[in-house]
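Working through the structure, step by step
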Amino acid sequence: MNREFLYNEIANGIANQITAGVLKTGDKLPSVRMLCREHSISMNTAKRVFLELEAQSMIDSKPQSGYFVSWGSHTKLALPEVSQPSSVAQFQEPDELINKVYANMGNDDFTLFSIGVPSPELLPTAKLRKEIITATRELKGGGMAYEPLQGNVKLRRMIAIRSLGWGGNLHENDLITTSGAMSALAFCLMALGKPGDTVAMESPCFPGTLQLAVSLGLKVLELPTHPVTGLEMEALKEAIPKIDLCLLVPNFNTPLGSCMPEANKKEIVALLSKHQIPLIEDDIYGDLYFGTQRPKCCKSFDKEGNVLWCGSVSKTLAPGYRVGWVAPGKYKDKLLKLKLVHSISSPAIAQEAVANFLNSGKYESHLRQLRRTLQDNTQKYVKAIARHFPEGTRTSRPQGGLSIWVELDKGIDTAKLYDRAIQHQISIAPGRMFTLQDQFENCMRLCVGLPWSGQIETQLKKLGSLVKTF
């Protein structure tokens, strides 16, 4: 029997037993070795079965003890509804709300559920500090000189090597380094769009990307988005005559955490290429998958250079280093010209340090631990929300990334909830931040990048109590 079929069949069989109540909360599952014997499968296939069930929040792993049916598997909250934004492009930027929320960034007195980055406690700070020292010692002039316009050669080579894991097959010469992913997205939008052009995006969408597009004079057409599978294909097809370019986050977009199926990615690349509409792909969360392997990118299916693939280490390794990149395909010359005009060179020391860290193999080890922590946090957040929030609350089912999207009763305004929560040193990201339209007022994003603790659960309980007061 095909190994892929076996893996799915076994995982679905266990999931069905849990859903039917045959396996109950707290029940211990067979060990990896026992599963191998029972089904005549390899250790890797057995481990993949358990990883998939963990990703579905069906089971929990306990060190030295094994796998157990998760409490959350019987208390799953309903999914948020598929978004239904207006079919008219908008400019209504929620500046005041965004500025108010981000004013708390870096304030240790608050529980920052609002800021979508991993806590410094989850990052390899000491190891990176050593890499900075090494970079200063090894770089010509101690890192004081300009880097080549395309960026650090070693870093571009490491990114190209890593792209083999998701089918990118990039070469170091295909890449340009930038000051974080936002810089990469800015160069792409400036190179491809002009004031008055329309860019299609998922809805809800990261506030910074919306602000960036509006600041460049672009109109944003928000498209219906499913909380699990991402952008609705039919909506994109209908929007083709209206749009000049497209900016998507196919892998674990914030705030939903959805992951676009591979078939949809392939179809989108072909569709946009046919109509000569550039696709800017923000893959900043791609390495933060909860399943067994990294998902492919739209760039994996790009045969004509029409996809501009953007990434960075801001969500995985070092937010403050501002190390990002773009593989701009056939638009490379346009982006190089913009980089020369706007920044000339990228920071040499930070790029060299990140390149060395990637080259050492430490990055993969760090990512494995970070993914486990974020997946565990996500499950604990959802369980806490189920316990402490009002009946009828809905949550997304993130398959990766850093956030959970929470949908409350229609009568609750999360902008007002923010004002009440901040009095208790709790900062949330109200849903209205993630759109240019009058929608998502009853939603909020919660970041799962904070180390789980009793204090975190206490703050979630307090937040649930505040929701109940509305």
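We now turn to the structure provided with this report. (Residues numbered from 1 in each chain as written. Predicted model: local features only at pLDDT ≥ 70, side-chain atom pairs only at ≥ 80, totals over all residues. Heavy atoms only, no water.)

Looking at the overall build of the protein
In plain terms, the rule: Only DSSP runs of H or I reaching four residues or more are called helices, and only runs of E reaching two or more are called strands; each is numbered from the N terminus. Here the radius of gyration uses the C-alpha set of atoms, whereas the globule reference equals 2.2 Å times the residue count to the power 0.38. Buried, partly exposed and exposed residues are distinguished by accessible area as a fraction of the type maximum, computed with a 1.4 Å probe on protein chains only: under 20%, between the cut-offs, and over 50%, respectively. Pairs of residues are marked as contacts when any of their non-hydrogen atoms sit within 4.5 Å. This count recognises Lys and Arg as positive and Asp and Glu as negative, with His and chain-terminal groups excluded. To locate a charge, the coordinates of NZ of Lys, CZ of Arg, CG of Asp or CD of Glu are taken.
In terms of helices and strands, the protein carries 15 helices and 17 strands. Whereas a compact globule of 470 residues would reach a radius of gyration of roughly 23 Å, the protein reaches 22 Å, a difference of no more than 12%. Classification of the 470 residues of the protein by burial places 57% in the buried group. Counting only contacts in the protein whose residues sit at least 6 apart along the sequence, the fraction spanning at least 24 positions is 75%. Separation of charge centres in the protein, based on 54 positive and 46 negative side chains, amounts to 5 Å.

Regarding the pairing of strand β11 (residues 307-312)
Rule in force here: For two strands to count as paired, DSSP must find a minimum of two bridges between them.
A large share of β11 lies buried, amounting to six of its six residues. Burial along β11 is two-sided: the residues Val307, Trp309 and Gly311 and Leu308, Cys310 and Ser312 are all buried. The pairing of β11 with strand β12 (residues 324-327) spans four bridges and is antiparallel. Paired with Ser312 across the bridge in β12 is Gly324.

Section: the sheet that holds β11
So the rule is basically this: To get an axis, fit a line to the C-alpha atoms, keeping to the stretch in contact for a helix; angles then go from 0 to 180 degrees between the N-to-C directions.
What the seven strands build is an open sheet, ordered β4-β12-β11-β10-β9-β5-β6; its pairing is mixed. Each of the sheet's edge strands pairs with one partner strand only, and the pair in question is β4 (176-178) and β6 (219-223). Strand-to-strand twist across the sheet, computed as the mean angle between neighbouring axes with direction ignored, equals 25 degrees. Each of β4, β11 and β12 is contacted by helix α11 (residues 332-342), which is oriented at about 35 degrees to β4, the strand it contacts most.

A few points about the pairing of strand β14 (residues 403-407)
Counting buried residues in β14 gives five out of five residues, a clear majority hidden from the surface. Residues Ser403, Trp405 and Glu407 line one face of β14 and the alternating positions Ile404 and Val406 line the opposite face, and both faces are buried. As paired elements, strand β13 (residues 394-395) and β14 share two bridges and run antiparallel to each other. Residue pairing across strands places Arg394 opposite Glu407, the latter belonging to β14. Pairing geometry for β14 and strand β17 (residues 443-447), over five bridges, is antiparallel.

Regarding the nonpolar core
Here is the rule we go by: What makes a nonpolar core is a set of buried Ala, Val, Leu, Ile, Met, Phe, Trp, Tyr and Cys residues whose side-chain atoms join them at distances within 4.5 Å.
Ranked by size, the top nonpolar core spans 75 residues in total, and within it Trp309, Met444, Leu446 and Leu463 carry the most contacts. The dominant element in this core, judged by the number of residues it contributes, is helix α13 (residues 362-388), at eight residues. Of all hydrophobic cores here, the second largest spans 29 residues; its members include Val199, Cys205, Ile280 and Cys310.

Here we look at helix α5 (residues 125-138)
How we decide: Multiply 1.5 Å by the residue count of a helix minus one, and that product is the helix's expected span. Taking the helix axis as origin, the arc is that swept by the directions to the C-beta atoms.
Given a rise of 1.5 Å per residue, 14 residues ought to cover 20 Å, and the 20 Å separating the end C-alpha atoms of α5 matches this to within 8%. For α5, every residue scored as buried is listed here: Leu128, Glu131, Thr134 and Ala135. End-on, the buried residues of α5 take up no more than an arc of 115 degrees, which puts them together on one face. Of the exposed residues in α5, the ones pointing more than 90 degrees away from its buried face are Lys130 and Arg137.

Overview of the sheet that holds strand β16 (residues 429-430)
With respect to topology, four strands assemble into an open sheet ordered β13-β14-β17-β16, the strand pairing being antiparallel. Each having just a single partner strand, β13 and β16 make up the two edges of the open sheet.

Some points on the packing of aromatic side chains
Convention followed: Only Phe, Tyr and Trp rings take part, Trp by its six-membered ring, and two of them pair if their centres are within 6.5 Å. Stacked means planes under 30 degrees apart, edge-to-face means over 60, and tilted covers everything else. Here, over-ring charges are defined by two tests on the NZ atom of lysine or the CZ atom of arginine: distance to the ring centre within 6 Å, and angle to the ring normal within 35 degrees.
Counted according to the given criterion, the structure contains eight aromatic pairs. With centroids separated by 5.6 Å and ring planes inclined at 85 degrees, the aromatic side chains of Trp405 and Phe434 adopt a geometry described as edge-to-face. With Trp405 in strand β14 and Phe434 in the loop between β16 and β17, this pair connects stretches of sequence that are 29 residues apart. By relative accessible area, which is 0% here, Phe434 ends up buried. Put simply, the rings of Phe113, Tyr381 and Trp452 pair up and form one aromatic cluster. Directly above the aromatic system of Tyr289 lies the positively charged group of Arg371, at a separation of 4.1 Å from the ring centroid.

Observations concerning helix α6 (residues 153-163)
For α6, the full list of buried residues reads Leu155, Arg156, Met158, Ile159, Ala160 and Ser163. Taken together, the buried residues of α6 touch β4, β11, β12 and α12 (348-360).

Some remarks on a nonpolar patch on the surface
Definition in use: To count toward a patch, a residue needs a relative accessible area over 30% and no salt bridge; like charges are then connected within 9 Å, while nonpolar side chains (Val, Leu, Ile, Met, Phe, Trp, Tyr) are connected within 5 Å. What sets the accessible areas is the Shrake-Rupley method with a 1.4 Å probe; for residues, cover comes only from the shown protein chains. Think of a salt bridge as a Lys or Arg side-chain nitrogen and an Asp or Glu carboxyl oxygen that are within 4 Å of each other.
Together, Tyr146, Leu340, Val341 and Ile344 make up a nonpolar patch on the protein surface, roughly 450 Å² of accessible area in all. Looking at the secondary structure, you find Ile344 in the loop between α11 and α12. A residue is classified by how much of its surface remains accessible, and Ile344, at 40% relative accessible area, is partly exposed.

Section: the pattern of salt bridges
In this structure the tally under the stated criterion is 17 salt bridges. A salt bridge links Asp197 to Lys194; its shortest N-O distance comes to 3.1 Å. Here Asp197 falls in the buried class, since its relative accessible area comes to 8%. With a shortest N-O distance of 2.8 Å, Lys237 and Glu267 are connected by a salt bridge. Placement of Lys237 in helix α9 (residues 233-239) and of Glu267 in helix α10 (residues 262-274) is noted, with a sequence separation of 30 residues between them. For Glu267, a relative accessible area of 32% puts it in the partly exposed group. Look at the salt bridges and you will find they share partners, linking Arg162, Asp283, Asp287, Arg294 and Glu364 into a network.

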